[in-house]
Amino acid sequence: MTTLLDTRAVAPSDRPEYWSAGIAEHFFPMGVESVGPRPFEARLTGGPLGAVAVRSIVGAPHTARRTARMIAEGDPDCILLYLLRNGSCRIEQDDRSCVLGPGALAIHDTSRPSTFEARDGLDLAVFSFPKWLLGARGNGIVRRTAMKIAHGKESVVRLGTPFLAGLAHTVESSPVSEQEAEGLSDMLVAMLWTLHSGSDAGPTPATRSHALLRRMRRYALEHLHDPGLGPEQIARAHFVSTRYVHKLFAASGCGVSAWIREQRLEGALADLRQSSDASIASIASRWGYRDPASFSRVFRQTYGCSPRDLRRGA
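Residues numbered from 1 in each chain as written. Predicted model: local features only at pLDDT ≥ 70, side-chain atom pairs only at ≥ 80, totals over all residues. Heavy atoms only, no water.

Caption draft 1: Quick look at the overall build of the protein chain. The helix and strand inventory of the protein chain stands at 13 helices and 9 strands. The principal-axis extent of the C-alpha atoms belonging to the protein chain is close to 80 × 45 × 35 Å. Classification of the 314 residues of the protein chain by burial places 47% in the buried group. In the protein chain, 71% of the contacts between residues at least 6 apart in sequence involve partners at least 24 apart. For the protein chain, the computed accessible surface area is about 15,100 Å², with 52% contributed by carbon and sulfur atoms. Separation of charge centres in the protein chain, based on 38 positive and 32 negative side chains, amounts to 5 Å. (Helix = DSSP H or I, 4+ residues; strand = E, 2+ residues; numbered from the N terminus. Buried < 20%, exposed > 50% of the residue type's maximum accessible area, 1.4 Å probe, protein only. Contact = heavy atoms within 4.5 Å. Areas by Shrake-Rupley, 256 points an atom, 1.4 Å probe, with all protein chains shown as cover. Lys, Arg positive; Asp, Glu negative; His and termini not counted. Charge placed at Lys NZ, Arg CZ, Asp CG, Glu CD.)

This is the structure in structure tokens:
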């Protein structure tokens with residue numbers, strides 16, 4: 001089991017502050033208050049599943065509030081799907097509130113103030129979906145926060161709850177391979193959409209892939225100066241596997257490394273033509289090349305002349 005936080009590691013008087021700081025790191029800033037005479041106890045476990053973070057919280061009664069100030073301090077811009085496995089809790093957001101019992105599902109928007117109250121302790125699975133992963137349909141889903149998912153969706157809830165519980169247990173127990181994580185992440189997104197079908201028409205998987213590829217390319221263009229830019233860095237920045245980055249770029253007709261190299265060389269070519277005062281070494285560095293000789297070699301292979309020859313002929 002991957003334990004991310006455990007209040008038993010600190011003195012009882014320090015536990016609420018320890019938990020608040022840890023939740024801010026793994027989720028977002030919240031104010032946590034213990035409820036009742038017992039010393040506060042809570043444990044956070046879990047791990048990533050592709051772009052979706054899967055977490056489990058087991059804790060004593062407490063209240064967690066998220067204010068506008070806290071949102072300004074940090075917002076992952078996510079939709080959270082809650083599955084209450086044991087205990088009870090109340091969620092309040094946007095003048096809506098609901099009480100959840102074992103087996104109940106509800107969602108929460110990290111970008112708006114909210115209150116979460118565990119009345120008599122809880123065992124909660126939390127699935128955190130970045131909004132970009134949900135596309136336009138996320139706009140409809142966030143209008144249904146703090147509402148128990150039940151009416152008209154009983155069959156989906158009945159079938160989906162064991163899957164979600166088993167998935168949370170699997171992520172807690174052992175790492176999931178990149179290939180499995182991608183498929184399971186897609187299943188989670190499909191389930192969330194199905195639970196909220198009728199909210200809004202959403203994008204197809206192909207549309208989502210194109211949107212993510214555009215985000216990745218925009219990120220890469222903004223980091224072309226970074227010599228470390230590559231598939232691994234792009235994957236980390238977008239919470240997906242390196243394999244998935246290669247897959248998206250390859251589907252567009254150009255591999256990720258080749259695309260980055262092409263953008264860098266086009267930028268360097270423009271600089272060489274327009275900036276006669278800048279040295280070739282400084283231009284190479286500006287476009288992510290540590291070694292001017294390596295830059296010159298790649299430039300010659302691409303354009304048939306060296307950077308210096310280009311300037312002489314200009």
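Caption draft 2: Seen up close, the packing of helix α10 (residues 256-274) against helix α12 (residues 292-303). Between α10 and α12, the least distance of the axes is 11 Å, while the angle of their chain directions is 95°. Between α10 and α12, the angle is such that the two are roughly perpendicular. Residues Arg261, Leu265, Glu266, Ala268, Leu269 and Leu272 of α10 lie in contact with α12, whose contacting residues are Phe295, Val298, Phe299, Thr302 and Tyr303. (Axes fitted to C-alpha atoms, helices over the stretch in contact; angles between N-to-C directions. Parallel < 35°, antiparallel > 145°, perpendicular 65-115°, else oblique.)

Caption draft 3: How the structure looks around the pattern of salt bridges. Summed over all chains, the structure comprises 17 salt bridges. The salt bridge involving Asp75 is made with Arg66; its shortest N-O contact spans 3.6 Å. Residue classification places Asp75 among the partly exposed residues on the basis of a relative accessible area of 31%. For Arg66, a relative accessible area of 1% gives the class buried. A salt bridge links Glu172 to Arg85; the nearest nitrogen and oxygen atoms lie 3.6 Å apart. A residue pair is termed long-range when its members are at least 10 positions apart, and Glu172 in helix α5 (residues 154-173) and Arg85 in strand β6 (residues 78-93) qualify at 87 residues. (Salt bridge = Lys/Arg side-chain N within 4 Å of Asp/Glu carboxyl O.)

Caption draft 4: Representation of the state of the cysteines in the model. Scanning the model with the defined rule gives 0 disulfides in all. Unpaired in this structure, Cys78 has its nearest cysteine sulfur neighbour in Cys89, at a distance of 19 Å. (Disulfide = S-S within 2.5 Å.)

Caption draft 5: Here's a closer look at the confidence of the model for the protein chain. For the protein chain, the average pLDDT comes to 87, and 95% of its residues sit at 70 or higher. In the model of the protein chain, helix α7 (residues 205-222) stands out as the element of lowest mean pLDDT, 80, in contrast to strand β8 (residues 105-109), which has the highest, 94. (pLDDT = per-residue confidence, 0-100.)

Caption draft 6: A look at the nonpolar core. Of all hydrophobic cores here, the largest spans 63 residues; its most connected members are Leu81, Phe127, Phe129, Ile234 and Phe295. Counting residues per element, this core draws most heavily on helix α6 (residues 178-195), which supplies 8 residues. Aside from chain neighbours lying at most four places away, what touches Ile234 is Met216, Tyr219, Ala220, Leu229, Val245, Val256 and Ile260. Phe40, Leu44, Ala118 and Leu124 belong to the second-largest nonpolar core, a separate cluster that totals 28 residues. (Core = buried A, V, L, I, M, F, W, Y, C linked by side-chain atoms within 4.5 Å.)

Caption draft 7: A look at unusual backbone geometry. A positive phi is found at Asp77, a non-glycine position, where the angle reads about 60°. Position of Asp77 relative to the elements: it lies in the loop between α2 (68-73) and β6. Look at Asp77 and you get partly exposed, because its relative accessible area is 37%. Here Asp95, not a glycine, exhibits a phi torsion of approximately 65°, which is positive. One can find Asp95 in the loop between β6 and β7 (96-100).

Caption draft 8: Inspection of the side chain of Thr7 at higher detail. Looking at where Thr7 falls in the secondary structure, it is placed in the loop between β1 (3-6) and α1 (15-26). According to the relative accessible area criterion, Thr7 is buried, its value standing at 0%. Setting aside anything within four residues of it in sequence, one finds Thr7 in contact with Arg15, Tyr18, Trp19, Phe40, Glu41 and Ala42.

Caption draft 9: Fine view of α12. Taking 1.5 Å of rise per residue, 12 residues should cover 16 Å, and α12 covers 16 Å from first to last C-alpha, within 8% of that figure. All buried positions along α12 are accounted for by Ser294, Phe295, Val298 and Phe299. All buried residues of α12 fall inside an arc of 130° around its axis, so they share one side. Elements in contact with the buried residues of α12: α10, α11 (280-286) and α13 (307-313). Measuring from the side-chain oxygen of the N-cap residue of α12 to the backbone nitrogen of Ala293 gives 3.1 Å; that N-cap residue is Asp291. Residue Gly304 follows α12 closely and has a positive phi angle near 80°. (Expected span 1.5 Å × (residues − 1). Arc of directions from axis to C-beta. Polar contact = N/O pair within 3.5 Å; in protein donor to acceptor, adjacent residues only side chain to side chain.)

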